[in-house]
There are 2 protein chains.
Amino acid sequence: MTTKLDVQGLANPSCPAPTETDRITLSHGAGAGATSRLFETILWPQFRNDTLGVRHDGAVFPAGPAGERLAFSTDTFVVHPIEFPGGDIGSLAVHGTLNDLAMCGAEPLGLSCALILEEGLPLATLERIVASMAQAAAAAGVAIVTGDTKVVERGKGDGIYVNTAGVGRVPDGRVVHPGRVRAGDAILVSGPLGDHGAAVLSVREGIEFDADIASDSAWLGGLVEHLFNAVPELHCLRDPTRGGLGAVLHEIGGAAQLAIEIDESALPVREPVRVICELLGLDPLFLASEGRCVAFVPERDAERALAALRSHALGAHAARIGTVQPGPPRVVVRTRAGTRRLLLLPAGDPLPRIC
Amino acid sequence: MTTKLDVQGLANPSCPAPTETDRITLSHGAGAGATSRLFETILWPQFRNDTLGVRHDGAVFPAGPAGERLAFSTDTFVVHPIEFPGGDIGSLAVHGTLNDLAMCGAEPLGLSCALILEEGLPLATLERIVASMAQAAAAAGVAIVTGDTKVVERGKGDGIYVNTAGVGRVPDGRVVHPGRVRAGDAILVSGPLGDHGAAVLSVREGIEFDADIASDSAWLGGLVEHLFNAVPELHCLRDPTRGGLGAVLHEIGGAAQLAIEIDESALPVREPVRVICELLGLDPLFLASEGRCVAFVPERDAERALAALRSHALGAHAARIGTVQPGPPRVVVRTRAGTRRLLLLPAGDPLPRIC
């Protein structure tokens, strides 16, 4: 393995918290602490409603008085660079929103695509990104049914930003959201953590490996349907994107008002990802995946759920990583040494524009 | 009336077309010629599907095998400046997407809000924009049910960009899209044209008027329901936003493969808007409105439709402006002098970032 390392501009997650000013900072985009505070202090007080209050990856609501339940989600992608090993901003934007629908237990009905293009973007780049979106959508059997394109002046964007929104239908009987999580639930992950974050960082920081580092970006709908078939009683699903597994566990534990205990030795992390984390002083627990999910299932279903995940191509390396516990919301890691430590959210943003 | 005029940076729509290069130019965001070509040459070949092929303001599709019909639309707002007389980027983003749903004949079910914040944006500005979104959504009786926030580095955005997407339900029996337009249809507009464009320009170009110039930004759902009650046979609706009435007529005529003839003397344009257009060499036909709609109705329903529009607060100055004609797609203006001229789309973009 050869490495070429440039850590300039990389903040260390153990650095002191940036001063909270009266202005937006990069920390507000980190997906963890400051992002949550921004939502709680500015957005929630204004937007407050029961559907948004569920604090899930997407909204679920009835389509009409006697209607089916719809899922609705949106995400904007500002990843830098826009092309990286294993994907690009286009496929990522399709996978990201489709996965948010899947995390609501929904089958997708349609996607939107809204582009912000910076003056000067090569048309050839746009063509590649759009083709990548089309391919990712087709692979999931979903059409991009509506869209919008805006252009901003040079220096007011960064090549291309992509927003996708998605609408899906939630089959009868499926209710998956943080409020369903119970003490005793087993916590599973569908595969190794942090590949996406490591892939983007490796390009951005100019680190070259002989070993493969590629984003895990993938559509999870097929895997999720497979899991629902095995375990209809699934309590909650979440994809550990921006903020990684650490942010997911804090969010779900906080929303469910329960403690979460995970086993460090059970966490699946690929060796090259572990190495890049050591080089850059990052914790793989906070590194983004874009083709993995975390599942909360009743203890009695844990083995069946794990078997179902492992029998699917995208879940071959699934693992049980912990258990939900009674008690106040907190995330506890049982270390390899047998001790227990509290997992705190990083205060700053070690990884701006990871998705 | 006092004016303070600075036209620096304002391109004239009668200037020669910019050279089409292999890069994105501001013209690609103009909402007319180059925007359409971008869609037809890059997006459509990849995304091609029947729903998108309808080329309406939003997509309409069934929610399931036996499902109700859903409408789904998205728009990103990059207006500069973000606050202007009569509105701001927040209320505009809510009105814009809700109006796209209304143009599909849909009643809104929920909105999403995805923000791109530039590092350094004052939190107080964000608070005002978010409050404005909440107020606009509440006035329409719709909740913002899901969302996303991204932060980009200073110099990679411009304060705040707002994407909204919306989901709505289309009541049984309503089918409104360009394909339903027929030769002989009357063309109505719900009110004066171009107020939004004039308001944004007046701030941007530093033009001050004693006369009121304010954006017409408004939610059209109530007006549209009122119109459907009077004229269930309504053929098509469209809001003349970016690109103005001129772009709408070209799009609808092109999609319906019909000619459109409008009467210059019938076009409602407020006096201050007319003056600002004369000062800047702009045609009010291509100036954006954000609270008006264009309705295509069967000739036999024209009087009833006009009366219905005029009996609603937002349609008090509605007017019949023309008629759909057989023949190849083209837009013809009957001038005040009694002559007939072809209305061509401006080649460049006189008004970047108007919405």
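About the thresholds
Starting from 1, residues in each chain are numbered consecutively following that chain's sequence as written. Chains and ligands are labelled sequentially in the order written, the chains with letters from A and the ligands with numbers from 1. Per-residue local features of the predicted model are confined to residues with pLDDT of at least 70, and side-chain atom pairs are confined, for both listing and counting, to 80 or more; whole-chain, interface and lining totals are unaffected and use all residues. The basis for the side-chain values is all heavy atoms of the structure; hydrogens and waters are excluded. Strands pair, by our definition, only if DSSP identifies at least two bridges between them. Elements are defined by DSSP. Helices are runs of H or I of four residues or more, strands are runs of E of two residues or more, and each kind is numbered from the N terminus. Note on method: axes are straight lines fitted to C-alpha atoms, helices fitted across the in-contact stretch only, with angles between N-to-C directions ranging 0 to 180 degrees. Two cysteine sulfurs form what is called a disulfide whenever their separation falls within 2.5 Å. Should any heavy atoms of two residues lie within 4.5 Å, those residues are counted as being in contact. Between buried and exposed lies partly exposed: a residue is buried under 20% and exposed over 50% of the maximum accessible area for its type, with that area taken using a 1.4 Å probe on protein chains only. We superpose the copies by least squares over the C-alpha atoms of residues that have a pLDDT of at least 70 in both of them. For the domains described, the bounds stem from an automatic or database domain assignment. By buried area we mean the combined loss of accessible area, with a 1.4 Å probe, across both parts when two parts are placed together. The salt bridge definition used is simple: a Lys or Arg side-chain nitrogen within 4 Å of an Asp or Glu carboxyl oxygen. As used in this structure description, the phrase polar contact means that two N or O atoms lie within 3.5 Å; if the pair is within protein, one of them must be able to donate a hydrogen and the other to accept it, and residues adjacent in sequence are counted only when both atoms belong to side chains. Aromatic rings from Phe, Tyr and Trp, taking only the six-membered ring of Trp, are treated as a pair when their centres fall within 6.5 Å; an angle between ring planes under 30 degrees marks them as stacked, one over 60 as edge-to-face, and anything in between as tilted. Left-handed is the label given to a crossing in which the near helix is rotated counterclockwise from the far helix by less than a right angle, and right-handed is the label when the rotation is clockwise. Each residue is assigned to one class: nonpolar for Ala, Val, Leu, Ile, Met, Phe, Trp, Tyr, Cys and Pro, charged for Asp, Glu, Lys and Arg, and polar for all the others, Gly among them.

So, about the sheet that holds strand β11 (residues 294-297) of chain B. Residue and element names in this part refer to chain B. Here 7 strands make up an open sheet; going across it, the order is β9-β11-β8-β12-β10-β13-β14 and the pairing mixed. A single partner strand is all that each edge strand has here, and the edge strands are β9 (236-238) and β14 (340-342). Strand-to-strand, the axes of this sheet are offset by a mean angle of 25°, without reference to chain direction.

The subject of this paragraph is the state of the cysteines. Taken as a whole and assessed by the stated rule, the structure comprises 0 disulfides over all chains. Between Cys293(A), a free cysteine, and Cys236(A), which holds the nearest cysteine sulfur, the sulfur-to-sulfur gap is 10 Å.

What follows is about the sheet that holds strand β7 (residues 160-170) of chain A. All names here are of chain A. Read across the sheet, 5 strands follow the order β1-β2-β7-β5-β6 without closing on themselves; strand pairing throughout is mixed. Each edge of the open sheet carries a strand with a single partner, namely β1 (59-62) and β6 (144-152). Between one strand axis and the next, the sheet turns through 15° on average, direction left out of account. For strand β5 (residues 107-118) and β6, the ladder comprises 8 bridges, and the chain directions are parallel. Looking at the pairing, alanine 114 lines up with aspartate 148 of β6. Relative to the sheet, helix α3 (residues 89-103) contacts β2 (69-77), β5 and β7, its axis offset from that of β2 by approximately 150°.

This next bit is on the pairing of strand β8 (residues 186-189) of chain B. Residue and element names in this part refer to chain B. Neither face of β8 is exposed, since Ala186 and Leu188 on one face and Ile187 and Val189 on the opposite face are all buried. Sheet analysis places β8 next to β11, joined by 4 bridges and oriented antiparallel. In the sheet register, alanine 186 faces β11, and the bridge partner there is valine 297. Looking at chain direction, β8 and strand β12 (residues 319-325) are connected through 4 bridges and run antiparallel. Paired with leucine 188 across the bridge in β12 is arginine 320.

The next subject is the relation of the copies chain A and chain B. Its rotation angle being 180°, the transformation that places chain A on chain B also includes 0.0 Å of axial translation and leaves an RMSD of 0.0 Å. Taken together, the rotation and translation describe the operation of a two-fold axis. In this assembly the copies share their binding face: 100% of the residues contributing to the interface of chain A also contribute to that of chain B.

This part covers the domain arrangement of chain A. Residues and elements named next belong to chain A. In terms of domain boundaries, chain A breaks down into domain 1 (57-170) and domain 2 (178-342). Distance between the C-alpha centres of domain 1 and domain 2: 23 Å. On the domain 2 side, the residues contacting the 20 residues of domain 1 number 21 residues. Approximately 1,700 Å² of surface area, both sides summed, lies buried where domain 1 meets domain 2, with 61% of it carried by carbon and sulfur atoms. For the pair domain 1 and domain 2, the number of links is 1 salt bridge. In this structure, the salt-bridge partner of aspartate 57 is arginine 238, at a minimum N-O distance of 3.4 Å. Counting across the interface, domain 1 meets domain 2 through 8 residue pairs in polar contact (both at pLDDT 80 or more).

What follows covers the packing of aromatic side chains. Under the defined criterion, the tally for this structure stands at 5 aromatic pairs over all chains. Aromatic pair Phe72(A) and Phe72(B): ring centres 6.3 Å apart, planes at 85°, arrangement edge-to-face. You can see Phe72(A) sitting in strand β2 and its partner Phe72(B) sitting in strand β2 (residues 69-77), one on each of two chains. Each member of the pair Phe72(A) and Phe72(B) is classed as buried. An angle of 35° between the planes, with centres 6.3 Å apart, marks the rings of Phe39(B) and Trp44(B) as tilted. By way of ring pairs, the aromatic residues Phe61(A), Phe72(A), Phe61(B) and Phe72(B) are connected into one cluster.

Looking now at helix α6 (residues 221-230) of chain A. Along α6(A), the residues that are buried comprise Gly221(A), Leu223(A), Val224(A), Leu227(A), Phe228(A) and Ala230(A). The inward-facing, buried residues of α6(A) abut α3, β9 (236-238), β11 (294-297) and α9 (302-310) of chain A.

Opposite the 77 residues of chain A that make contact, chain B presents 77 residues. Across the chain A to chain B interface the summed buried area is about 6,500 Å²; carbon plus sulfur atoms make up 68%. The three residues of chain A that bury the most area against chain B are Ile24(A), Phe47(A) and Phe72(A), which together make up 10% of that side's buried surface. Counting every contact that joins chain A to chain B gives 8 salt bridges. Where chain A packs against chain B, one counts 22 residue pairs in polar contact (both at pLDDT 80 or more). Broken down by element, the residue count for the side of chain A that touches chain B peaks at 10 residues, all from β5(A).

Relative to the elements of secondary structure, Ala313(A) occurs in the loop between α9 and β12 (319-325). In this structure, the C-alpha to C-alpha distance between Ala313(A) and Ala106(A), residues 207 residues apart in sequence, is 20 Å.

Quick look at the packing of α3(A) against helix α4 (residues 123-139) of chain A now. Residues and elements named next belong to chain A. Where α3 contacts α4, the two axes come as close as 7 Å, and the packing angle between them is 30°. For the pair α3 and α4, the crossing hand works out as right-handed. Here α3 contributes Ile89, Gly90, Ser91, Val94 and His95 to the contact with α4, which in turn contributes Ile129, Ser132, Met133, Ala136 and Ala137. The residue makeup of the contact of α3 with α4, split by class, is 6 nonpolar, 4 polar and no charged.

This part covers the pattern of salt bridges. Applying the stated criterion to the full structure yields 44 salt bridges over all chains. For Arg304(A), the salt bridge identified is with Asp301(A), shortest N-O distance 2.6 Å. Overall, Asp301(A) belongs to the buried group, its relative accessible area being 5%. Note that Glu264(B) and Arg341(B) form a salt bridge whose closest N and O atoms lie 4.0 Å from each other. A residue pair is termed long-range when its members are at least 10 positions apart, and Glu264(B) in the loop between β10 (259-263) and α8 (271-280) and Arg341(B) in strand β14 qualify at 77 residues. Judged by relative accessible area, Glu264(B) falls into the partly exposed class, the value being 22%. Taken together, the salt bridges that share partners define one network made up of Asp75(A), Arg242(A), Asp148(B) and Lys150(B).

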